[in-house]
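This is what each chain is made of:
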Amino acid sequence: METAERFRAAVEKGQLAELDGLFTDDIRLYSPVKFTPFEGKPMVLGLFGVLLRTFEDFRYIGHFEGTAETSTDGEEAPSAILLFRATMNGKQIHGIDLLQFDGAGRVKEFTVMVRPQSAVHALGQAVLAGLVADGLVPKAVDR
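Computed from a predicted structure; not experimentally measured.

Visitor: Got a minute to help me understand the overall build of the chain in this structure?
Guide: Helices and strands together make up the secondary structure of the chain, namely four helices and six strands. Reading the helices (α) and strands (β) of the chain from amino to carboxyl end gives α-α-β-β-α-β-β-β-β-α. Taking 2.2 N^0.38 as the reference for a compact globule, 143 residues should give roughly 15 Å; the C-alpha atoms of the chain span a radius of gyration of 15 Å, in line with that estimate. For the chain, the spread of C-alpha atoms along the three principal axes comes to 45 × 30 × 25 Å.

Visitor: What should I look at first to understand the packing of aromatic side chains in this one?
Guide: The relative placement of two aromatic rings is captured by the distance of their centres and the angle of their planes. For the coordinates displayed, the defined rule picks out eleven aromatic pairs. Ring centres of Phe-7 and Tyr-60 lie 6.4 Å apart, and the angle between their planes is 55°; on these two criteria the pair is classed as tilted. Of the two residues, Phe-7 sits in helix α1 (residues 2–13) while Tyr-60 sits in strand β3 (residues 56–69), which places them 53 residues apart along the sequence. Each member of the pair Phe-7 and Tyr-60 is classed as buried. Judged by centre distance (6.3 Å) and plane angle (90°), the rings of Tyr-60 and Phe-84 are edge-to-face.

Visitor: What am I meant to see in helix α4 (residues 117–133) here?
Guide: Note that an α-helix has 3.6 residues per turn; residues three or four places apart therefore point the same way. Between its first and last C-alpha atoms α4 spans 24 Å; for 17 residues at 1.5 Å apiece the expected length is 24 Å, and the two agree. Ala-119, Val-120, Ala-122, Leu-123, Gly-124, Val-127, Gly-130 and Leu-131 are the residues of α4 that are buried. Contacts from the buried residues of α4 go to β2 (38–39), α3 (41–54), β4 (76–88), β5 (91–101) and β6 (107–115). Of the residues flanking the end of α4, it is Gly-135, one or two places downstream, whose phi is positive at about 75°.

Visitor: What is the right way to look at the sheet that holds β4 in this model?
Guide: Pairing between the strands of a sheet comes from backbone hydrogen bonds, and it takes one of two forms, parallel or antiparallel. Strands sit in the order β2-β1-β6-β5-β4-β3 across an open sheet of six strands; the sheet is mixed. Looking along the sheet, the strands with just one partner apiece sit at the ends: β2 and β3. When β4 meets β5, the two strands line up antiparallel, connected through ten bridges. Along β5, the bridge assignment pairs Ala-86 with Ile-93. On top of the sheet, α1 reaches β1 (23–30), β3, β4, β5 and β6; it is set at about 165° to β3, its chief contact.

Visitor: I would appreciate a short explanation of empty space enclosed by the protein in the present structure.
Guide: Where empty space is left can be seen by rolling a probe of water-molecule size over the atoms. Throughout the structure, instances matching the rule amount to one cavity of 30 Å³ or more. The volume enclosed by the largest cavity comes to roughly 190 Å³. Lining the largest cavity are 18 residues, and of these Phe-48, Leu-51, Phe-55, Asp-97 and Val-112 lie nearest its centre. Of all the secondary structure elements, the ones that give two or more residues to the lining of the largest cavity are α3, β3, β6 and α4. The leading source of residues in the lining of the largest cavity is α3, at four residues.

Visitor: Could you clarify how one ought to interpret the nonpolar core in this entry?
Guide: If you look at soluble globular proteins, the nonpolar side chains tend to sit buried side by side. Phe-7, Leu-19, Phe-23, Leu-29, Phe-48, Phe-110 and Val-114 are the most contacted members of the largest nonpolar core, which has 37 residues in total. At the level of secondary structure, the elements contributing two or more residues to this core comprise α1, β1, α3, β4, β5, β6 and α4. Among the elements that take part in this core, α3 stands out by supplying seven residues, more than any other. Those residues in contact with Phe-23 that sit more than four places away from it in its chain are Phe-7, Lys-41, Val-44, Leu-45, Phe-48, Arg-106 and Val-107.

Conventions adopted
Residues numbered from 1 in each chain as written. Predicted model: local features only at pLDDT ≥ 70, side-chain atom pairs only at ≥ 80, totals over all residues. Heavy atoms only, no water. Helix = DSSP H or I, 4+ residues; strand = E, 2+ residues; numbered from the N terminus. Rg over C-alpha atoms; globule rule 2.2 N^0.38 Å. Phe/Tyr/Trp six-rings, centres within 6.5 Å; stacked < 30°, edge-to-face > 60°. Buried < 20%, exposed > 50% of the residue type's maximum accessible area, 1.4 Å probe, protein only. Expected span 1.5 Å × (residues − 1). Contact = heavy atoms within 4.5 Å. Pairing = 2+ DSSP bridges. Axes fitted to C-alpha atoms, helices over the stretch in contact; angles between N-to-C directions. 1 Å grid on protein atoms, 1.4 Å probe; cavity = no way out; pocket = protein on both sides within 12 Å on 5 of 7 lines; lining within 4 Å. Points joined across faces, edges and corners; volume = space filled by probe spheres on them. Core = buried A, V, L, I, M, F, W, Y, C linked by side-chain atoms within 4.5 Å.

Here is the structure:
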């Protein structure tokens, strides 16, 4: 799938602007650190901006293609899985990105899975701090 290869190249080169044309306007990103998805192209692009700053030594190490049912509508969609490795704050992270495509070949749903649990926790904290710093989510109010 051409979109998966273009996505991979853009992420590996840190070219956030290249991702814009690869996503649907109503893209949903399912994250390991948040129960509900991130929704809409502006939020997902903002999230990728944070992720590209947060991961160190990010690299894709594998690629699989097929079809899978989406979380959004339960329909089978062309899909690609990209396996990755990265480091964050000295912790080795293993993960997969599941990209699911619409009829035009754009990414309509994106699911990220990460291990180990300690990396998920650290990633959640770093992503939240980055989203707050970029003004994409409000700062949590201490109670």
